[in-house]
Amino acid sequence: MRIRLAAVLLLLFCLPVLIAQAQDNYKLGADSMEKDGVPKGEVWKFEWKSEVFPKTIREVSVYVPAQYDPKEPACVMVFQDGRAYANRQGGFRVPTVLDNLIHKKELPVIIAIFIDPGSENLTGGKSGGPDQKNRSFEYDTLSDQYARFLEKEILPEVAKKYKLREDAGGRAICGLSSGGICAFTAAWERPDFFSKVVSHYGSFTNIRGGDRYPGIIRKAKRKDLRVFLQDGSNDLDNGAGNWPLANQQMAAALKFKGYDYKFEYGDGGHTSKHGGSILPETLRWLWRDTK
């Protein structure tokens, strides 16, 4: 009897640990790995002092695929929290994914622009990196300011070197956490500028009023947007709100209004693991009919 009781107690003690280990157990697939014979795109960087967001500076990286033809305008995809997406050894590995999918002709030729949030000092933050003091203001605010920043400053700067598509159908925007709601806000405010959105565990919570979006979507005229949402049941729950619930509310509102949307809901937390593991399929879905 004592042995059985001990076994039961051991199981009860270990079960939460086993469940925790099973959660967020997502792995990167073959399309996220560098491959022999696949041409690698070029990534270059520049620093940008903004006028739309005064007194801020940030780093911007630009990925240009090997298949880019200066005679043909390329599609554009903008990523907030750019370093997280641009890192070829990180959780998303966007340059490698684009290398593989463009090479297989599963995506059009896409120039990716990776933008860091605004900082007062590029060496004043953790480990000597940017302080990112303007991040929440830029990303979580419900306004057209970030879209104007892209339209008036960043895209024209990149267009000095590369021929970019100017139609909304050839443009997408993506972000994680507060960068996810930023991506949605930019497209929501300017559907004539961006028609495609990806949000990884987006902060549609009350950081700066983002929890109002489901109600706003339900009452507004449907816009010409394609939206991909990703989140997990173990995402954040704090004073600003519940991230899993907020993303479920967003998905429900998009469904109610008849949007072209997809919601991938897993058991992950506030990490890149789930979104990174499905990024190739996400991009195929997002760009599926773009020529």
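Residues numbered from 1 in each chain as written. Predicted model: local features only at pLDDT ≥ 70, side-chain atom pairs only at ≥ 80, totals over all residues. Heavy atoms only, no water.

### Points about the overall build of the protein chain
Check the secondary structure of the protein chain and you find ten helices and ten strands. On the principal axes, the C-alpha backbone points of the protein chain span a range of 80 × 50 × 45 Å. Among the 291 residues that make up the protein chain, the fraction classed as buried is 54%. Partitioning the intrachain contacts of the protein chain with sequence separation of at least 6 by distance along the chain shows that 76% fall at a separation of at least 24. For the protein chain, the exposed surface amounts to about 13900 Å²; the carbon and sulfur share of it is 52%. Taking the 42 positively charged and 36 negatively charged side chains of the protein chain as two groups, their mean positions are separated by 3 Å. (Helix = DSSP H or I, 4+ residues; strand = E, 2+ residues; numbered from the N terminus. Buried < 20%, exposed > 50% of the residue type's maximum accessible area, 1.4 Å probe, protein only. Contact = heavy atoms within 4.5 Å. Areas by Shrake-Rupley, 256 points an atom, 1.4 Å probe, with all protein chains shown as cover. Lys, Arg positive; Asp, Glu negative; His and termini not counted. Charge placed at Lys NZ, Arg CZ, Asp CG, Glu CD.)

### A short note on the packing of helix 3 (residues 94-103) against helix 10 (residues 279-286)
Each pair of packed helices can be summarised by the angle the axes make with each other and by the distance between the axes. The geometry of helix 3 relative to helix 10 is characterised by a closest axis approach of 10 Å and an angle of 60° between their N-to-C directions. Taken as axis vectors, helix 3 and helix 10 run oblique relative to one another. As for how helix 3 packs across helix 10, the hand of that crossing is right-handed. Two secondary-structure elements touch here, helix 3 through Val94, Val97, Leu98 and Leu101 and helix 10 through Leu279, Pro280, Leu283 and Arg284. Each residue belonging to the contact of helix 3 with helix 10 can be placed in one class, and the counts come to seven nonpolar, no polar and one charged. (Axes fitted to C-alpha atoms, helices over the stretch in contact; angles between N-to-C directions. Parallel < 35°, antiparallel > 145°, perpendicular 65-115°, else oblique. Left-handed = near helix turned anticlockwise from the far one by under 90°. Nonpolar A, V, L, I, M, F, W, Y, C, P; charged D, E, K, R; others polar.)

Keep in mind that these numbers describe shape and distance, not what the molecule does.
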